[in-house]
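Per-entry structural report
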Amino acid sequence: MTFNWRVFQTTFPDFMRATGVTIQYAVIAIVIAVIWGIFIGSINFRRPKGIWRITSAYVCFFRETPLLVQIYFLFYGLSRLMPVSASIIAVAALVLNDGAFIAENVRGGLQSINKGQEEAAYALGFSKFQTMIYFLIPQAVTKVQDSIMNMVSIIIKDTSLLMWITITELTYMAHRVNSKYYQPVTAYLTAAVIYMALFLSVQGIKKLMDRRSQKKYELSES
Amino acid sequence: MSDNNNIVLSLKNVTKKFGDLTVLDNMSLDIHEHEIVVLCGPSGGGKSTLLRSINGLEKINSGEIYYRGELVTNKNIKSVRSHIGMVFQSFNLFDNLTVRDNLTIAPIKILKKTKAEAVEKAQSYLDTFGIGDKMDHYPHQLSGGQKQRVAIVRSMMMEPDVMLFDEPTSALDPEMIKEVLDAIRRLAEMGMTMVIVTHEIGFAREVSSRMLFLENAKIRVDASTEDFFTNTEDERLKQFLSVILKH
Amino acid sequence: MSLASHKMLFFDTLIKSALPVTLQLILGSFVGACLIGLIGGIIRGMKVPVLSQILGVYVQLCRGIPDMLVLLFLYAAMTKGSTYSIAVLGISLIQGAYIMEIIKGGILSVDKGQWEAAKTLSLPFLTTLFRIVIPQVMLVALPALIGQLVLLIKGTSVASTIGCLELTKRAVIAMSGYSNALIVYGYVLVIFFIMCHALTVVGKKLEKYVVERIMGDKYER
């Protein structure tokens, strides 16, 4: 039960490749999930007849069920109906799940914006759609910037569940290295350190963004 | 007054610093039984820190504090505190307890009173201060003036030897100040030894027996109330009084 | 699928055999996580030197490393213990870190004046903590704790991957018999949803009730 440097050296390239896979899925998923979340969040804020019942039920359901079961449901369920690759299912599951959380945040952000701004925009002749795009959504996104950055950390962790649908990401690699060499400390510690490096990088970016938006705020105040 | 037997609190060369800033500079002071001492002076002069040091809410950097001739140390601070009542600017009532529990928790836990005894005493104090009907209310259901009177009663429940007031009316709306000042007047009539930090200079003049003027971490003037207002020759105090009396 | 096989899948397999295991997982991990969270949260909230820094690092680790990795590691490294106890241990360790942060935040949100008033009345530390501070912490922490419990409930599904025979694992096994994944996993999703949603709904009522018990009625934050 110690760290085996030889195993570490031989498997390190595999770990790097797997890290690439993890980052790739996390980045693709977060980009689409943010767009999806803003879209769904805006619908749930506006509540257009009919549609919002479906979208808010979707948000509620996906927030209150386990991601792993969602992944199984989509992977084994959809592949029966149509030919789709594991990677598409993987991205879809992450987007649907984490997008639901982002949607709820965005809706909350939109609701917290002063109603007067909306009315002022209408008074100036902007349409409902333009008001959303130009004024409300940018403000809501600034408000939920922090929670979106937290979402990035969560998505990175969520990608670990993709190992069960054949995606060769980081946790899968740790699992495989351990089954091959029976070196649990080496295999899982290596992965844990890489996950922490990713996590701390995201935290660092978040701090930088905080500082930037603070500066912006100070400037506009003076 | 010079009789050493009736000195309740005694500070000897007390110094307190916050980082580089000296808030109490080598301060010495005796407080006698039945004295009502008002501390005044510009803000930042160390008045609140002085009170907070007396019952150990602030640790002093050097010097000694004596209670009834006994040196206050980390070991006996708890028993000393049970003889010293303190009323805060922001009331600090326990928000999750009813008035009843706010008033009786310490007498039951510390003085080992029975619940019935404690409640009876609480009721009589509440009646004295005109809030006898508030026993089952929660703090957030009371006005500021009512909260502060409950806070005064809470301290009185411990049968204190001396009461410290840290700007007791500063957080109150003007119409509520009088009810709290009246409560303090009642304590004065009972002969309670009190040290009060306040900006209510008219009240101070009426109720106190001794006035201290604190500025720049030092006691600049220490005089009987009469001398303080009529015979002072201290320029800074004159200035301070002239500004404050205009309001 | 016939009605009888639906009944057998839903009632016999999922509700009767698997749900009790899931509920035990939830209960065991919640108790464990609360113990870790409460003790650690008090240490962090009181800013105990050294210990609070160590716990701070622990929290960061739990926020950065996936549950999946932790469970697989424990499963590979532990030579003793059932899959159930390994899962409870892993989930408790991770969820405990989050509860720790909730408790810490709650303690820090209690006004300093409450501690000072207790000191001037010479109330003992533990009396102050349990009679005055913790009830006020609950007020702030309860909504967050309920949210965390929902995450914990969902998190138990991961225990299936190390062989713990809870809902998800039973479904995976049942898949070999009833190959329609949409139905099998659909049922599991519905059961989890009912548990989590019921908790959210009951939680809102509970919050209102607790606020009234702690602060008297008509309290507004």
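Our structure is the block above this text.
Residues numbered from 1 in each chain as written. Chains lettered and ligands numbered in written order. Predicted model: local features only at pLDDT ≥ 70, side-chain atom pairs only at ≥ 80, totals over all residues. Heavy atoms only, no water.

**Here's the deal with the interface of chain A and chain C**
If you look at the interface, chain A gives 37 residues, while chain C gives 36 residues. Buried area between chain A and chain C, summed over both chains or domains, comes out near 3200 Å², and the portion from carbon and sulfur atoms is 77%. A per-residue breakdown of the area chain A buries against chain C is headed by Glu64, Phe73 and Lys157 of chain A, which together make up 21% of the total. Viewed at the interface, chain C and chain A are joined by zero salt bridges. There are five residue pairs in polar contact (both at pLDDT 80 or more) connecting chain A and chain C. (Contact = heavy atoms within 4.5 Å. Buried area = accessible area lost by both parts, 1.4 Å probe. Salt bridge = Lys/Arg side-chain N within 4 Å of Asp/Glu carboxyl O. Polar contact = N/O pair within 3.5 Å; in protein donor to acceptor, adjacent residues only side chain to side chain.)

**Focus: the layout of surface pockets**
A volume near 1500 Å³ is recorded for the largest pocket. If you add up the space inside the second largest pocket, you get close to 590 Å³. Lining the second largest pocket are 25 residues, and of these Gly56, Lys59, Asn74, Ile77 and Arg81 of chain B lie nearest its centre. Sorting the residues of the lining of the second largest pocket by element identifies helix H1 (47–54), strand E4 (62–67) and helix H2 (77–81) of chain B together with helix H5 (112–120) and helix H6 (125–155) of chain C as the ones contributing at least two each. Across the lining of the second largest pocket, the residue classes tally to 12 nonpolar, seven polar and six charged. (1 Å grid on protein atoms, 1.4 Å probe; cavity = no way out; pocket = protein on both sides within 12 Å on 5 of 7 lines; lining within 4 Å. Points joined across faces, edges and corners; volume = space filled by probe spheres on them. Helix = DSSP H or I, 4+ residues; strand = E, 2+ residues; numbered from the N terminus. Nonpolar A, V, L, I, M, F, W, Y, C, P; charged D, E, K, R; others polar.)

**Some points on the sheet that holds strand E3 (residues 36–40) of chain B**
Two orientations exist for strands paired in a sheet by backbone hydrogen bonds: parallel and antiparallel. All names here are of chain B. The six strands lie next to each other as E6-E7-E8-E3-E9-E10, forming an open sheet whose pairing is mixed. The open sheet has two edge strands with one neighbour each: strand E6 (84–87) and strand E10 (218–224). Within this sheet the neighbouring strands show an average axis-to-axis angle of 15°, counted without direction. Pairing between E3 and strand E9 (residues 210–215): four bridges, direction parallel. The residue bridging Leu39 from the neighbouring strand is Leu212, located in E9. Along the sheet, H1 contacts E3, E6, strand E7 (162–166), strand E8 (193–197) and E9; its crossing angle with E7, the most-contacted strand, is approximately 145°. Of the strands in this sheet, E6 and E7 are in contact with helix H5 (residues 144–156), which crosses E6 at around 170°. (Pairing = 2+ DSSP bridges. Axes fitted to C-alpha atoms, helices over the stretch in contact; angles between N-to-C directions.)

**Focus on the pairing of strand E1 (residues 7–18) of chain B**
Residues and elements named next belong to chain B. Where E1 lies against strand E2 (residues 21–32), eight bridges are found, and the strand directions are antiparallel. Bridging across to E2, Lys17 finds its partner in Thr22. For E1 and E4, the ladder comprises five bridges, and the chain directions are antiparallel. The residue of E4 that forms the bridge with Leu11 is Ile65.

**Thoughts on unusual backbone geometry**
Although it is not a glycine, Thr166 of chain A adopts a positive phi angle of roughly 70°. Structurally, the position occupied by Thr166 of chain A is in the loop between helix H6 (128–158) and helix H7 (170–181). With relative accessibility at 60%, the residue Thr166 of chain A sits in the exposed group. Positive phi outside glycine occurs at Glu159 of chain B, with the angle close to 50°. Mapping Glu159 of chain B onto the fold places it in the loop between H5 and E7. Take Glu159 of chain B: its relative accessible area is 43%, and that puts it in the partly exposed class. (Buried < 20%, exposed > 50% of the residue type's maximum accessible area, 1.4 Å probe, protein only.)

**Digging into a positive patch on the surface**
Taken together, Lys109, Lys112 and Lys115 of chain B together with Arg131 of chain C make up a surface patch of like positive charges. Counting through the fold element by element, Arg131 of chain C comes out in helix H6. (Patch = residues over 30% accessible without salt bridge, like charges linked within 9 Å, V, L, I, M, F, W, Y side chains within 5 Å. Areas by Shrake-Rupley, 256 points an atom, 1.4 Å probe, with all protein chains shown as cover. Lys, Arg positive; Asp, Glu negative; His and termini not counted. Charge placed at Lys NZ, Arg CZ, Asp CG, Glu CD.)

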